[in-house]
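# Chains, contacts and geometry: an overview
As a plain string of letters, each chain reads:
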Amino acid sequence: MADINMTTKTLTAASPAERAPTGTAPAGSASEPVWDIIELLFFAYRDFVGDPDEVLSKLGFGRAHHRVLHFVNRNPGMKVADLLDILNITKQSLGRVLKQLVDQGHVVQKEGALDRRQRLLYVTAKGEALALKLAALQTARINRAFAALVPTGTRRRGASSSP
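Quick caveat: nothing in here was measured; it's all calculated off a predicted structure.

### Some points on the pattern of salt bridges
Tallied over the entire structure, the rule returns six salt bridges. Among the ionic pairs, Arg 46 bridges to Asp 47, the shortest N-O distance being 3.1 Å. Look at Arg 46 and you get partly exposed, because its relative accessible area is 41%. Given the relative accessible area of 14%, Asp 47 is considered buried.

Shown next as structure tokens:
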């Protein structure tokens, strides 16, 4: 888990001397970057996908496989076209990832009942087990983060009373 120390300037503009020369926007303007928040989002994403990344890498899979598996598991029978829209990727990119998931027995493709040109996607029992394992890792991380939150108006033991 990342150890982050936020400055008290998180949502306020830094003085010109404290600010890196990144642009011409005046201090305090709406376009001034909020560096601490940007960095927290980078760290949060890294940590959120880190545990699943380790599991996936042992299978020769990556984050694209994870995203496909997640959405197919959550939407059984979804059309390939709908998955392309959700992921905002090309057919070629999806084709490579989907082929690996199908070849290794995590996903199956079926023809549509009314339109045989449709390719409907379903996870297999093996795919569902993997999707649930990855979701459990992410759920555990989220639960740890929520458990570390302090309710408004309370202080942690040993916390100083100064801001």
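Picking up after the structure, the text goes on.
### Some words on the nonpolar core
Counting residues in each nonpolar core, the largest one holds 21 residues, and the members touching the most others are Val 68, Leu 83 and Leu 121. For this core, the elements supplying multiple residues, two or more each, are α1 (35-58), α2 (63-74), α3 (80-87), α4 (91-103), β3 (119-123) and α5 (125-148). In this structure, Val 68 is in contact with Leu 83, Leu 87, Leu 94, Val 97, Leu 98 and Leu 101, ignoring residues within four places of it in sequence.

The rules behind these values
- Residues numbered from 1 in each chain as written.
- Predicted model: local features only at pLDDT ≥ 70, side-chain atom pairs only at ≥ 80, totals over all residues.
- Heavy atoms only, no water.
- Salt bridge = Lys/Arg side-chain N within 4 Å of Asp/Glu carboxyl O.
- Buried < 20%, exposed > 50% of the residue type's maximum accessible area, 1.4 Å probe, protein only.
- Core = buried A, V, L, I, M, F, W, Y, C linked by side-chain atoms within 4.5 Å.
- Helix = DSSP H or I, 4+ residues; strand = E, 2+ residues; numbered from the N terminus.
- Contact = heavy atoms within 4.5 Å.

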